[in-house]
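Inside the fold
Residues per chain, in single letters:
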Amino acid sequence: MKNIFLALSASFLAMAIFLSFTTGTKQLPAPGNDEILNLFPTEVSTILNNSCFQCHNSDSKNVDAKKGLNFSEWKKYSVIKKVGKLKKVCETITEDEMPPEKFLERFPHKKLTDEQVKLLCKWVKEESEKIVKNMN
Amino acid sequence: MFRKITFLFIVLLVVVFIAMQFFQPGKNLEEPTEQHLFNTAHVSAEVQGILKNACMDCHSNNTNYLWYHKISPVSWYIHKHIADGKKALDFSVWGGYSKLEKIGMLDEVCEETKEKTMPLKSYTWMHKKANLTEKEIETLCNWAESYAEELLLEK
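Please read all numbers here as calculations on a predicted model, not as lab measurements. (Residues numbered from 1 in each chain as written. Chains lettered and ligands numbered in written order. Predicted model: local features only at pLDDT ≥ 70, side-chain atom pairs only at ≥ 80, totals over all residues. Heavy atoms only, no water.)

As for the packing of aromatic side chains
Counted according to the given criterion, the structure contains eleven aromatic pairs over all chains. Three or more aromatic residues link up through ring pairs in this structure, and these residues are Phe40, Phe71, Trp74, Tyr77 and Trp123 of chain A. Of note, Lys85 of chain A hangs over the ring of Tyr77 of chain A, and the distance from its end group to the ring centre comes to 5.8 Å. Between Lys27 of chain B and the ring centre of Tyr65 of chain B, over which it is positioned, the NZ or CZ distance is 5.4 Å. (Phe/Tyr/Trp six-rings, centres within 6.5 Å; stacked < 30°, edge-to-face > 60°. Lys NZ or Arg CZ within 6 Å of the ring centre and 35° of its normal.)

As structure tokens, then:
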């Protein structure tokens, strides 16, 4: 009787441990998104991950999007490229060119709010200054 | 009756067209100042030529107008293009841009010409010299890159 109780509690414990691991990994972002989540400050990465990364990464089927800006290749860009791309990020989101209308029709919740645009543009300025400063 | 209506319609069109000529946008014809790209940086004659032929009409304060650009509504169409072009990049006020803006713009100059998104098709259609050859694009890109690098190293 005692043995059965022990076996039951042991298997319960094992199951609990197993479950905590599996649900734990579920909460983590999809593996592909790690690269962008680690590139920039969290608040910036979260916005980029939500509204931009879907097309602007190496696995994207949208060839034009990843040719224009590919966050998977970010670290390989030259300083000049980075500054150029950053400038374009702020410009296109301010002008409402990005994310594109067609994309937003399918994913309306990915539209950037005015606060998000402001935050990204502020970051663009700081990040470019930082990149250039680190050069010298 | 039908002929009369057609005649009146044509007269009306002509009158409207003539009236339109009295409403013209301002001309983009200012003398270059010391802020102009050519006066703030050393730009080779070759690159200056490419920029003048393919970019400066919309990206500076001085447009080389063709005769039909003075006719409304073409004049308004051109006016809008120039305003948009100058908003994105105006070589006449180059000296006033920050270092970061300059680097970003130079990167775009090369990228857009390489991708053939600039000069605009509607522009090269009537400006054959603006149809840049591969060689010209390479020259322009080399200049843009080395100038951007030079700016980067500046304190």
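Some remarks on the environment of Lys27 of chain B
Residue and element names in this part refer to chain B. Considering the arrangement of structural elements, one finds Lys27 in the loop between helix H1 (2-20) and helix H2 (37-40). Overall, Lys27 belongs to the partly exposed group, its relative accessible area being 41%. Note: C-alpha distance between Lys27 and His79 (52 residues apart in sequence) is 7.9 Å. Excluding residues that lie within four positions of it along the chain, Lys27 makes contacts with Tyr65 and Lys70. (Helix = DSSP H or I, 4+ residues; strand = E, 2+ residues; numbered from the N terminus. Buried < 20%, exposed > 50% of the residue type's maximum accessible area, 1.4 Å probe, protein only. Contact = heavy atoms within 4.5 Å.)

Considering the packing of helix H5 (residues 99-114) of chain B against helix H7 (residues 134-153) of chain B
Residues and elements named next belong to chain B. Packing of H5 against H7 leaves a shortest axis separation of 9 Å and a crossing angle of 160°. In this view, H5 runs roughly antiparallel relative to H7, as classed from their interaxial angle. Of the two possible hands of crossing, H5 and H7 adopt the one that is left-handed. Contacts from Lys99, Lys102, Ile103, Leu106, Val109, Cys110, Thr113 and Lys114 of H5 reach H7 at Ile137, Leu140, Cys141, Trp143, Ala144, Glu145, Tyr147, Ala148, Leu151 and Leu152. Across the contact of H5 with H7, the residue classes break down as 13 nonpolar, one polar and four charged. (Axes fitted to C-alpha atoms, helices over the stretch in contact; angles between N-to-C directions. Parallel < 35°, antiparallel > 145°, perpendicular 65-115°, else oblique. Left-handed = near helix turned anticlockwise from the far one by under 90°. Nonpolar A, V, L, I, M, F, W, Y, C, P; charged D, E, K, R; others polar.)

Some words on the state of the cysteines
A full pass over the atoms with the stated rule returns two disulfides over all chains. A sulfur-sulfur separation of 2.3 Å characterises the disulfide bridge that pairs Cys110 of chain B with Cys141 of chain B. Between Cys110 of chain B and Cys141 of chain B, the S-S dihedral sits near 100°, and the bridge is therefore right-handed. Linking Cys110 of chain B in helix H5 with Cys141 of chain B in helix H7, this pair joins segments that are 31 residues apart in sequence. Judged on exposure class, the residue Cys110 of chain B and its partner Cys141 of chain B are both buried. Residue Cys55 of chain A stays outside any disulfide, its sulfur separated by 9.2 Å from that of Cys52 of chain A, the closest cysteine. Sulfur of Cys55 of chain B: no disulfide; nearest cysteine sulfur belongs to Cys58 of chain B and is 9.7 Å away. (Disulfide = S-S within 2.5 Å.)

By themselves, these observations are geometric and do not establish any function.
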